[in-house]
Amino acid sequence: MIVEERCYVLHATVTVNDYLEVLYRDGLEIQRQTLRGLIGYFTTEVGELNAIVSLWEYPSFEERRRRRDALAANPAWQRYLEQVRPMIRSMNNRLLNRAV
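All values derive from a computational prediction rather than experimental measurement.

Enquirer: Honestly, the pattern of salt bridges in this entry has me stumped. Any pointers?
Expert: One side chain can pair with another of opposite charge once the charged atoms of both are near each other. Taken as a whole and judged by the stated rule, the model has 9 salt bridges. Between R66 and E63 there is a salt bridge, with its nearest N and O atoms 2.5 Å apart. Here R66 and its partner E63 are both found in helix 2 (residues 61–72), 3 residues apart, which amounts to about one turn of the helix. Overall, R66 belongs to the partly exposed group, its relative accessible area being 45%. E63 serves as the salt-bridge partner of R67, at 2.8 Å between the closest nitrogen and oxygen. Of the two residues, R67 and E63 both sit in helix 2, 4 residues apart, roughly one turn of that helix. Classification of E63 by relative accessible area gives buried; the value is 17%.

Enquirer: Would you mind going over the side chain of S54 with me for this structure?
Expert: Structurally, S54 can be placed in strand 3 (residues 51–58). On the basis of relative accessibility, which here comes to 2%, the residue S54 falls in the buried class. Side-chain polar atoms of S54 contact the side chain of W56, separated by 3.1 Å. Once residues lying within four places of it in the same chain are set aside, the contact partners of S54 are E4, E5, R6, G40 and Y41.

Enquirer: Can you walk me through the packing of aromatic side chains in this structure?
Expert: Two descriptors summarise a pair of aromatic rings, namely the distance from one centre to the other and the angle between the planes of the rings. Under the definition given, this model contains 3 aromatic pairs. Measuring from ring centre to ring centre gives 4.8 Å for W77 and Y80, while their planes differ by 35°; the resulting arrangement is tilted. Placement of both W77 and Y80 in helix 3 (residues 75–84) is noted, with a separation of 3 residues, approximately one turn of the helix. We classify W77 as buried; its relative accessible area is 7%.

So, how was this worked out
Residues numbered from 1 in each chain as written. Predicted model: local features only at pLDDT ≥ 70, side-chain atom pairs only at ≥ 80, totals over all residues. Heavy atoms only, no water. Salt bridge = Lys/Arg side-chain N within 4 Å of Asp/Glu carboxyl O. Helix = DSSP H or I, 4+ residues; strand = E, 2+ residues; numbered from the N terminus. Buried < 20%, exposed > 50% of the residue type's maximum accessible area, 1.4 Å probe, protein only. Polar contact = N/O pair within 3.5 Å; in protein donor to acceptor, adjacent residues only side chain to side chain. Contact = heavy atoms within 4.5 Å. Phe/Tyr/Trp six-rings, centres within 6.5 Å; stacked < 30°, edge-to-face > 60°.

Structure, rendered in structure tokens:
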């Protein structure tokens, strides 16, 4: 099992609520159906501010790749990305292996 941590830091002119509004309306259900394994979306209080972190669980790296490829091929997902990409200042992605 692996956990993918995705962190999006938004431009100062964009609020977390702006991003979440588009996510809830146009992106979250597509992700849930295709990626499955959503642990949660989180916002930051300390450290890097104006950031959104999502955690996703996958049974293996290969299954993660298969699901992410399917998501990328979805035209509705591409339309969603056109809306949110201009909001994002930087992106980080980490794959975490369970240690305990």
